[in-house]
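# Topology and contacts: notes
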Amino acid sequence: MADSGVAGDASELEAATAAFTRVRPRLFGIAYRMLGSATEAEDLVQDVWLRWQTCDRSAVLNPEAFLATTATRLAINVLQSARNRRETYVGPWLPEPVDTGADPYLGAERGAALEFAALLLMEKLTPNERAAYVLREAFDYSYAQIADILSSTEPAVRQLVSRARKHLASERHAPVTAAEQRELLTAFLAAARSGDLSALERLFTPDVTSLSDGNGRKGVARTPVVGAVRVAKFLQAISTWFWDEIDVRWTQANGQTAAVLLQDGGVYGLLTVSATAEGIDQLLWLVNPGKNKAVRVPD
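Notes on the structure follow. (Residues numbered from 1 in each chain as written. Predicted model: local features only at pLDDT ≥ 70, side-chain atom pairs only at ≥ 80, totals over all residues. Heavy atoms only, no water.)

### Observations regarding the overall build of the chain
Here is the rule: By the criteria applied, helices consist of DSSP H or I runs no shorter than four residues and strands consist of E runs no shorter than two, each listed in order from the N terminus. The cut-offs for exposure are 20% and 50% of the maximum accessible area for each residue type, with area from a 1.4 Å probe on protein chains only; residues under the lower value are buried, those over the upper are exposed, and the others partly exposed. Should any heavy atoms of two residues lie within 4.5 Å, those residues are considered in contact. Here, Shrake-Rupley sampling with a 1.4 Å probe gives the accessible areas, and only protein chains in the shown set may cover a residue.
The helix and strand tally for the chain stands at 11 helices and 6 strands. Based on the C-alpha atoms only, the size of the chain along its principal axes is roughly 80 × 45 × 35 Å. The 299 residues of the chain split such that 48% are buried. Restricting to contacts in the chain with at least 6 residues of sequence separation, those with at least 24 account for 67%. On the chain, roughly 14400 Å² of surface is accessible, and the fraction owed to carbon and sulfur atoms is 52%.

### Some details on the sheet that holds strand β6 (residues 279-286)
Rule in force here: One requirement defines pairing of two strands: DSSP has to find at least two bridges between them. With axes taken as lines fitted to C-alpha atoms, and helix axes fitted only over the stretch in contact, angles between N-to-C directions fall between 0 and 180 degrees.
Strand order in the open sheet made by the 6 strands is β2-β1-β6-β5-β4-β3, with mixed pairing throughout. In this open sheet, the two strands that pair with only one neighbour each are β2 (225-226) and β3 (247-253). Along the sheet, helix α8 (residues 178-194) makes contact with β1 (204-213), β3, β4 (256-263), β5 (266-276) and β6, crossing β5 at roughly 120°. Together, β1, β2 and β6 form the strand contacts of helix α10 (residues 228-238), whose direction differs from that of β1 by roughly 50°.

### Some words on empty space enclosed by the protein
Spelled out, the test is: Residues are called lining when one of their atoms sits within 4 Å of a cavity or pocket point, these points coming from a 1 Å grid over the protein atoms alone, where a cavity is a set in which a 1.4 Å probe fits but cannot get out and a pocket is an open set with protein on both sides within 12 Å along at least five of seven lines. Grid points are joined across faces, edges and corners, and a volume is the space filled by probe spheres set on the points. Charged means Asp, Glu, Lys or Arg here, nonpolar means Ala, Val, Leu, Ile, Met, Phe, Trp, Tyr, Cys or Pro, and polar covers whatever is left, Gly included.
Per the counting criterion, the structure on display carries 3 cavities of 30 Å³ or more. Of the residues forming the lining of the largest cavity, the biggest block, 3 residues, is contributed by β3. Along the lines of polarity and charge, the residues of the lining of the largest cavity split into 6 nonpolar, 2 polar and 2 charged. In this structure, the second largest cavity spans a volume of roughly 40 Å³.

### Quick notes on the packing of helix α5 (residues 127-137) against helix α7 (residues 154-171)
Test applied: Note that the term roughly parallel is reserved for angles under 35 degrees, roughly antiparallel for angles over 145, roughly perpendicular for angles of 65 to 115, and oblique for everything else.
Remark: α5 packs on α7, axes separated minimally by 8 Å, with the N-to-C direction vectors making an angle of 90°. For the element pair α5 / α7, the angle class is roughly perpendicular. Of the residues in α7, those in contact with N128, E129, A132, Y133, R136 and E137 of α5 are L160, V161, R163, A164, R165 and L168. Split by residue class, the contact of α5 with α7 holds 6 nonpolar, 1 polar and 5 charged.

Rendered as structure tokens:
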């Protein structure tokens, strides 16, 4: 009888492990889109696994729904405390990059809510708005399912998603295609290397913003540089020395083409652009050494 009990426990744990493994990519995808940090998302998924091991699984009718609910609610809690931590961050904050070369959807039915520009805009949403938007837009959850996850009602969830969509639409015009984004990034790198002021200005929207995430790193701008003329002049000024020591490799990060900036054989940072039909509207420089650990150097 004892052996039978042990075998039962082992097979039950095996079934629990299999259920978690099936849904794990989705849990990471939810957590990453919620938090904008691959490191925090991995920690959160591990926390979900620990809770799944110790909960009363016999009372769980739908493991996938239970795990997604746990991940979303934990992410909301982390977001609420993350806002306080961000206040002590030195300079602009950018999401930690994820390599979408292997998994372009990061566990989602759609590649939505993954680009740097979208993640930055979602920082302005409330945690519940962000959760509802991510679950609906990236994972195609029904309003009823989202209401269960958020302990809310369908009408309230529809309002959350609607407000999130309106906010993101009002803040950003439709992005260009992936091919156009890569073309603009390539043109930008050529103009930036040469310090060609007029070529840079032609690439930019009038209100282009250059954001550098270095968290206090020496030599990194701690405030956004805004406006086509100002950004172009800034880039012209650094072109005389910055690019001499930089080697560029191409990679895919957050569903977009990005440039890995190598210095002395190591990763100095990651550079990408977001753009609309009018041109490049954001230059995003990820040069925080801690976040650079997530940057994969292409062969």
